[in-house]
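Tertiary structure, described
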Amino acid sequence: VQLQASGGGLVQAGGSLRLSCAASGRTFSSYTMGWFRQAPGKKRELVAGITSGGDTKYADSVKGRFAISRDNAKNTVYLQMNSLKPEDTAVYYCAAGSAMPLLYSRRGDYWGQGTLVTVSS
């Protein structure tokens, strides 16, 4: 599985962005998908995840502002980010894997290349 993330950019605080992660391969629907981010000097953290069955998990810091979704027909997972804050600035990565390792141990089978999100104050 190859993952291609896109949609990052520069946005003012309070603005919105939608990230997309397109996957190759015919087994996309069977994977749990996750969005992670890593800010300079910080560890990579889970932002949001969605299982093959559609169950979702969010970091406390983004609950109510971000929404993850997937379109299995398009082999794509999305991250809608609203009410962005400067502390959301980071490189965002998408990943695919099994639910428990991915969502609780940050261990994915496949990782995308990352897309930079910069939120100005």
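Our structure's up above, just so we're on the same page.
Residues numbered from 1 in each chain as written. Predicted model: local features only at pLDDT ≥ 70, side-chain atom pairs only at ≥ 80, totals over all residues. Heavy atoms only, no water.

Let's shift gears to the side chain of T32. With respect to the helices and strands, the residue T32 is situated in strand 4 (residues 32–38). In contact with T32, other than residues within four places in its own chain, are I50, T51, S52, R70, A95, A96, G97, S98, A99, L102 and L103. (Helix = DSSP H or I, 4+ residues; strand = E, 2+ residues; numbered from the N terminus. Contact = heavy atoms within 4.5 Å.)

If you walk through the whole model with that rule in mind, you get 1 disulfide. Disulfide pairing places C21 opposite C94 at an S-S distance of 2.1 Å. Sign of the S-S torsion, about 60° for the bond between C21 and C94, identifies this disulfide as right-handed. One end of the pair, C21, is in strand 3 (residues 17–23); the other, C94, is in strand 9 (residues 90–97), with 73 residues separating them in the sequence. C94 matches C21 in its accessibility class, with the two residues each being buried. (Disulfide = S-S within 2.5 Å. Buried < 20%, exposed > 50% of the residue type's maximum accessible area, 1.4 Å probe, protein only.)

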